[in-house]
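# Structural description and commentary
Listed here are the chains, written in short residue letters.
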Amino acid sequence: MSHTLRHTQRIRTLALSAGVMLGMAATTFGPQFAHAAEVKKTKRTLAEKIVALPEATVEQLQAAERVLIGKYQCEFGKAVSIDRHARNNGYFDLRLGQQSWTMKPVLSSTGAVRLEDVKGAALMIQILTKSMLMDPKRGQRLVDGCMHDTQRAADEDLKRNPRPSVFGLNSETPADGNR
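Below is a short write-up of the structure. Counting starts from 1 at the beginning of each chain's written sequence and moves along it residue by residue. Only residues with pLDDT of at least 70 are given local features in this predicted model, and only at 80 or more are side-chain atom pairs given and counted; all residues enter the totals for whole chains, interfaces and linings. Hydrogens and water molecules were not included; the side-chain quantities draw on all heavy atoms of the structure.

### Comments concerning the pattern of salt bridges
By salt bridge we mean one thing: a side-chain nitrogen of Lys or Arg within 4 Å of a carboxyl oxygen of Asp or Glu. This model, assessed by the stated rule, comprises eight salt bridges. Among the ionic pairs, Glu116 bridges to Arg114, the shortest N-O distance being 3.0 Å. Between Asp149 and Arg152 there is a salt bridge, with the nearest N and O atoms lying 3.1 Å from each other. Placement of both Asp149 and Arg152 in helix α3 (residues 149-160) is noted, with a separation of three residues, approximately one turn of the helix. With relative accessibility at 27%, the residue Arg152 sits in the partly exposed group. Where salt bridges share partners, they join Lys130, Arg141 and Asp144 into one cluster. Secondary structure elements follow DSSP: runs of H or I of four or more residues count as helices, runs of E of two or more count as strands, with numbering from the N terminus. Three exposure classes are used, based on accessible area relative to the maximum for each residue type with a 1.4 Å probe and protein chains only: buried under 20%, partly exposed in between, and exposed over 50%.

Spelled out as structure tokens, the structure:
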């Protein structure tokens, strides 16, 4: 064999070996480098997402007094928890499983308390005997039949002591008024 042919084969063998070694190194360390880039990107994204909340209005503070703090047991074994926001008076942190929202309370004309996510992604309606968490963008319930201990007590009291109907009906009179 000629000297140039052996030299070319040696260079090709070295090049292939170097390529294999680089490929192995990239396979070993590539995911770590990619993860480091993701973490850096995630930190920047989280910092960009943190927005200062506006100071609570008087109406918001009044509504906040009516929010039931603590754990709610919901249908299908799910649970929702509501806690006061750590840094902002008049706001609340709501959690359902791994999801969480910062909520602003609003009193409705019906007396129900609405907890509105500051980003518009969730809405919780709290009435006397139950609460419901919704996704207002999709128009779907996330969970229903949520009851805080206070709501459970009110529901039991209404079962024991039914209130008179505002329509003048009682449990013995059919809704159409006929007997």
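### A short note on the state of the cysteines
Note that a disulfide, as used here, is simply two cysteine sulfur atoms within 2.5 Å. Tallying each qualifying case throughout the model produces one disulfide. Sulfur-sulfur distance for the disulfide between Cys74 and Cys146 comes to 2.1 Å. The chirality of the disulfide connecting Cys74 with Cys146 is right-handed, given an S-S dihedral of about 110°. With a gap of 72 residues between them, Cys74 in the loop between β1 (70-73) and β2 (79-84) and Cys146 in strand β8 (residues 140-146) connect regions that are remote in the sequence. The same class applies to Cys74 as to Cys146, namely buried.

### Observations regarding the sheet that holds strand β3 (residues 92-96)
A sheet is described by the order of its strands in space; here eight strands give the open sequence β1-β2-β3-β4-β5-β6-β7-β8, paired in antiparallel fashion. Two strands in the sheet have a free side with no partner beyond their single neighbour: β1 and β8. Strand-to-strand twist in this sheet, taken as the mean axis angle between neighbours without regard to direction, amounts to 25°. Two strands make a pair as long as DSSP finds a minimum of two bridges between them. One ladder, built from five bridges, connects β2 with β3; its direction is antiparallel. Directly across from Ile82, in β3, lies its bridge partner Leu94. To get an axis, fit a line to the C-alpha atoms, keeping to the stretch in contact for a helix; angles then go from 0 to 180 degrees between the N-to-C directions.

### With respect to the pairing of strand β4 (residues 99-107)
Bridge count between β3 and β4: five bridges; the pairing is antiparallel. Bridge pairing in β4 links Arg95 to Ser100. Between β3 and β4, which pair antiparallel in sequence order, lie two residues; one of them, Gly97, sits at a positive phi of approximately 60°. Across five bridges, β4 lies against strand β5 (residues 113-117) in antiparallel orientation. Opposite Pro105, over in β5, you have Leu115 as the bridge partner. Linking two consecutive strands that pair antiparallel, namely β4 and β5, is a turn of five residues; a positive phi of about 95° is found at Gly111 within it.

### Concerning the side chain of His148
As for its position among the elements, His148 is in the loop between β8 and α3. Under this definition, polar contacts are N or O atom pairs within 3.5 Å; protein pairs additionally need one hydrogen-donor-capable and one acceptor-capable atom, and for neighbouring residues in sequence, both atoms have to be side-chain atoms. There is a polar contact of 2.8 Å between the side chain of His148 and the backbone oxygen of Ile69. Among the polar contacts made by the side chain of His148, one reaches the main-chain amide nitrogen of Thr150 at a distance of 3.1 Å. What makes two residues a contact is simply this: any of their non-hydrogen atoms within 4.5 Å. The residues touching His148, leaving out its near neighbours within four places in the chain, are Leu68, Ile69, Gly70, Lys71 and Tyr72.

### Quick look at the pairing of strand β6 (residues 123-126)
Relative to β6, β5 runs antiparallel, the two sharing four bridges. In the strand pairing of β6, Glu116 is matched with Leu123. Once β5 ends, the chain turns through five residues before running back antiparallel as β6, passing Gly120 with a positive phi of about 80°. With four bridges joining them, β6 and strand β7 (residues 131-135) adopt antiparallel strand pairing. By the bridge assignment for β7, Met124 is matched with Leu133.

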